Amino acid sequence: MVIGLLMLMAVCALPQTTAPPTTLQINWDKVERTSQTNASFQIVVNPPLRPGTPVHDNAYLAVKDLGADYVRYVPWLPYPKLGVAELEPPKDGKTSWDFSLIDPMTIDFLEATKGHSVILNFSTIPQWMFKTDKPVPYPADPEQVTWDYEQGTELRDPTGKEVGEYFARLLAWYTQGGFTDELGKRHESKYHYEVAYWEVLNEPELEHHISPEMYTTIYDAVYEAMRRQHLKSKLVGLALAFPSGNPQYFEYFLNHKNHKKGVPLEFISYHFYAIPTPEQTPEVQQYTFFDQTQGFLATVRYIESIRKRLSPETRTTADEIGAISADDLVQGEPGHVTKPIPNSYWSLTGAMYSYIFGELTRMGIDVAGESQLVGYPTQFPSVSMVDWDNGKPNPRFQTLKLLHKNFGPGDKVVSLAPAAPGAPPANPAIYSLPVVTKDGKKRVLLVNKRDRAFDVSIPGASGGEIEFVDQVTGFDLPKTAHLDSDKITVNGFAVIVVTLP
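Residues numbered from 1 in each chain as written. Predicted model: local features only at pLDDT ≥ 70, side-chain atom pairs only at ≥ 80, totals over all residues. Heavy atoms only, no water.

## Observations regarding the overall build of the protein chain
When you go through the protein chain residue by residue, the secondary structure sums to 10 helices and 20 strands. When its C-alpha atoms are laid out on the principal axes, the protein chain stretches across 85 × 55 × 40 Å. By the burial criterion, 57% of the 501 residues in the protein chain qualify as buried. Carbon and sulfur atoms make up 55% of the accessible area of the protein chain, which amounts to about 21,200 Å² in all. (Helix = DSSP H or I, 4+ residues; strand = E, 2+ residues; numbered from the N terminus. Buried < 20%, exposed > 50% of the residue type's maximum accessible area, 1.4 Å probe, protein only. Areas by Shrake-Rupley, 256 points an atom, 1.4 Å probe, with all protein chains shown as cover.)

Shown next as structure tokens:
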């Protein structure tokens, strides 16, 4: 009796698929586009990434091992002492430039990404550069979070020159060995790192409520200040939080007539997070997240129509892609205790990012940046790509690793035939992206949008290999297996790379 019950339980624990396999009809000779999409991610500065923490070494080991380009590094507003290098205005013949807390974290990042292009975004403007009724305080403890540092909507220098000079000096500290401050004093750093891109501000429509016109003024001022310093880094613009609600930013910023003569528009950027409502269970969230993703992809197509019309040479990075739990949105309330996050959530959000990566590849977007390396209780734990106790990669990072290894610029995206002309996919829960890689391999990305298993058949796959991340692999590295038939079982929220023989 007991043995029979245990056997029944074991069978029930295995993936159950009753429907016939979905067969993918791939036309390997019909190329739809050459990919230009890079799988990347962002790192937001927060205390667990400071040297000496249990998170630091493992997290940066994962960053270095990944070897991605266009990694975005953001010292952000909650920790002014970790992200603002001049916290007080010049006074009595002195300045307050201080990199003692900022350098250790930034240098660790630049060393871990050495040899790869990076995007630096010191997003927080020193508060004293804004008009306010009284000076805005900041915590003496660099690890104490504050959400009140950014105040005011009007710069004390409306030309943006003061802001531009601040950012140019900051960049020169890391790329030119130092800078000369506002009072003519030289500050030496001896750093000469390569910084390919500097992103101007972060989510300006939220932070200080900066208008498209004012943002463009600041952007141009940053460009001019950096050129006066002979800095070679290119600029990334906009970094919008809600691109679907702010088309006017794209219309204004991408119109070259609104910029000073000679200011190039190298890159635009914007963000997307799926966000459930508080009452939604994990079973419901799988539908919510992918439905919201469809809305984001529609927004991307709309932005692309603006970009191609006004500035077709400008490239695009969607440099914050992720999900935020409803619980994280109330993390600042008194007495809040972070709710446990089920392991299935990490797999769901990894599958969601993989689907977005595939569709951005089809649309010709240059960078798909997952967000973010470290989150932890009080600081958006649901966005984390590593375990916030020890820094080891979770399924979100492992999925990025899988995509970065197997797909990239130069791949030929080939045609996937529908069951009938204009018909939807045979199984809407399974997403597929077939490519011929730049080294000639036939490869298919499979993403399961649902928390149940499905069978997929790929003609010619027998004898090939699969590499995958799912709820069974969990926090481990992606696993590999040999295919003895064309049929592949795709477990719930699995991300699988199929390489044909």
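Following the structure, the description resumes.
## Focus: the sheet that holds strand 8 (residues 197-199)
Pairing between the strands of a sheet is mediated by backbone hydrogen bonds and can be parallel or antiparallel. Spatial strand order, 3-4-5-8-9-10-11-12: eight strands in a closed barrel with parallel pairing. For this sheet, the mean angle separating the axes of adjacent strands, direction not counted, is 25°. By the bridge criterion, three bridges tie strand 3 (residues 38-44) to strand 4 (residues 71-74) in an arrangement that is parallel. If you follow Val44 over to strand 4, its bridge partner there is Val74. (Pairing = 2+ DSSP bridges. Axes fitted to C-alpha atoms, helices over the stretch in contact; angles between N-to-C directions.)

## A word on the packing of aromatic side chains
Tallied over the entire structure, the rule returns 35 aromatic pairs. Here Trp147 and Phe380 contribute two aromatic rings whose centre-to-centre distance is 6.4 Å and whose plane-to-plane angle is 90°, an arrangement assigned as edge-to-face. Of this pair, Trp147 sits in the loop between strand 5 (118-120) and helix 5 (161-175) while Phe380 sits in the loop between strand 12 (367-371) and helix 10 (395-406); the two residues are 233 residues apart in sequence, bridging distant segments of the chain. The exposure class of Trp147 is partly exposed, given its relative accessible area of 39%. With a centroid separation of 5.7 Å and 55° between ring planes, the pair formed by Phe167 and Trp198 is classed as tilted. One end of the pair, Phe167, is in helix 5; the other, Trp198, is in strand 8, with 31 residues separating them in the sequence. (Phe/Tyr/Trp six-rings, centres within 6.5 Å; stacked < 30°, edge-to-face > 60°.)

## Observations concerning the confidence of the model for the protein chain
Averaged over all residues, the pLDDT of the protein chain is 94; the fraction at 70 or higher stands at 95%. This model gives residues 1-14 a pLDDT under 50, and the stretch forms one contact once residues within four places in sequence are excluded. (pLDDT = per-residue confidence, 0-100. Contact = heavy atoms within 4.5 Å.)

## Structural notes on the pairing of strand 4
The two faces of a sheet get side chains in turn, since along a regular strand they alternate between them. Burial along strand 4 is two-sided: Val71 and Tyr73 facing one way and Arg72 and Val74 facing the other are all buried. For the handedness criterion, the β-α-β arrangement of strand 3, helix 2 (residues 56-66) and strand 4 is classed as right-handed. Bridge count for strand 4 against strand 5 is three bridges, and the pairing is parallel. Within the sheet, the bridge partner assigned to Val71 lies in strand 5 and is Val118. (Right-handed = clockwise from strand over helix to strand, strands pointing away.)

## Brief notes about unusual backbone geometry
Residue Gln372 is bonded to the preceding Ser371 through a cis peptide linkage, with omega at -5°. Inspection of the secondary structure puts Gln372 in the loop between strand 12 and helix 10. Positive phi, normally seen in glycine, also occurs at Leu201, with a value near 65°. Topologically, Leu201 is positioned in the loop between strand 8 and helix 6 (212-228).

## Section: the nonpolar core
In this structure, Phe41, Ile43, Trp198, Tyr270, Leu360 and Leu373 are the most contacted members of the largest nonpolar core, which totals 117 residues. Examining the composition of this core, we find that 11 residues originate from one element, helix 9 (residues 343-363), more than from any other. Judged by nonpolar contacts, the second largest core, of 22 residues, contains Leu446, Val456, Leu483 and Ala494. (Core = buried A, V, L, I, M, F, W, Y, C linked by side-chain atoms within 4.5 Å.)

## Quick word on the sheet that holds strand 16 (residues 454-457)
In space, the three strands of this open sheet follow the order 1-16-19, with mixed pairing throughout. Of all strands in the sheet, those bounded by a partner on one side alone are strand 1 (22-23) and strand 19 (487-490). Alignment of strand 1 against strand 16, held across two bridges, turns out to be parallel. Paired with Thr23 across the strands is Ser457, a residue of strand 16.

## Brief notes about the pattern of salt bridges
Within the structure shown, the criterion is met by 20 salt bridges. In this structure, Lys114 engages Glu111 in a salt bridge whose closest nitrogen and oxygen atoms are separated by 3.1 Å. Its relative accessible area of 36% is what places Glu111 among the partly exposed residues. For Arg362, the salt bridge identified is with Glu359, shortest N-O distance 3.1 Å. On the criterion of helical spacing, the pair formed by Arg362 and Glu359 is a turn pair, its members being three residues apart in helix 9. On the accessibility criterion, Arg362 (23% relative accessible area) is partly exposed. What you see here is one network of salt bridges that share partners, running through Arg72, Glu199, Asp319 and Glu320. (Salt bridge = Lys/Arg side-chain N within 4 Å of Asp/Glu carboxyl O.)

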